[in-house]
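Fold and contact review
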Amino acid sequence: MQGINGIIYLILAACLLPYVFTIIAKFNAGFKAKDNQNPREFLAKSTGIAARANAAQQNSFESLPLFIAAILMAEYMVLPQSIIMTFGIAYLILRILYGICYLINWATLRSIIWLLSMLCPISLLLLIIRLL
C-alpha cells in the first residue's frame, strides 16, 4: 500500500470495521428478519457479548471522524507517507484489539487500547500543527 491507494484502503477499512461488530452483535443476539423493523431498539435491549459488540460498533463509528480528518489532513499537508501509514495501520490494529477486548469484557485493557488508538490520529494532527 503506497501513496493515495494506501490512504484509501486505510479509510475504507476503518469505515467497514464498525459493521464487523454490528454483525457480531446481531448474530449473538439472535437477530431475525422480524427484528429489522427496529434494529436499534432490539440491540439496545441486548445483553452479554451482543451488547458489548453493539457498544464496540457505536464507539468505532464515534472515532471515525477524527481518524478520517487526521488522515486526509496529513495527506493534504504532505506528511511523509510512511508516517501516515504507520499511524493509520496502528490505529486500525488498535481498534481491532479494542473490539476484541470489548467482546471478551476486558475493560481495563480495552480502555488503555482505546487511548492508544485515539493517540494515532491526534499525533498526526499534532505533526500537522508543527508543519504550520
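Under an unreviewed UniProt entry, the protein has the name MAPEG family protein and belongs to Acinetobacter ursingii ANC 3649. Here is the UniProt Subcellular location (unreviewed entry) comment for the protein, exactly as written: "Membrane".

**Some words on the packing of aromatic side chains**
One pass over the structure, following the stated rule, counts three aromatic pairs. Ring centres of Y19 and F61 lie 5.2 Å apart, and the angle between their planes is 80 degrees; on these two criteria the pair is classed as edge-to-face. Placement of the pair is Y19 in helix α1 (residues 3–28) and F61 in helix α3 (residues 48–76), with a sequence separation of 42 residues. Exposure remark for Y19: the relative accessible area of 44% places this residue in the partly exposed category. Take F61: its relative accessible area is 30%, and that puts it in the partly exposed class. Ring centres of Y98 and Y102 lie 5.5 Å apart, and the angle between their planes is 90 degrees; this geometry places the pair in the edge-to-face category. Residue Y98 and its partner Y102 are both found in helix α4 (residues 81–103); the two are separated by four residues, about one turn of the helix. Of the two residues examined, Y98 and Y102, each falls in the buried class. When the ring centre of Y98 is taken as reference, the NZ or CZ atom of R95 above it lies at 4.3 Å. Taking the ring centre of Y102 as reference, the NZ or CZ of R110 above it sits at 4.0 Å.

Rules and cut-offs
Residues numbered from 1 in each chain as written. Predicted model: local features only at pLDDT ≥ 70, side-chain atom pairs only at ≥ 80, totals over all residues. Heavy atoms only, no water. UniProt positions renumbered as here; feature names shortened; annotations may be inferred. Phe/Tyr/Trp six-rings, centres within 6.5 Å; stacked < 30°, edge-to-face > 60°. Helix = DSSP H or I, 4+ residues; strand = E, 2+ residues; numbered from the N terminus. Buried < 20%, exposed > 50% of the residue type's maximum accessible area, 1.4 Å probe, protein only. Lys NZ or Arg CZ within 6 Å of the ring centre and 35° of its normal.

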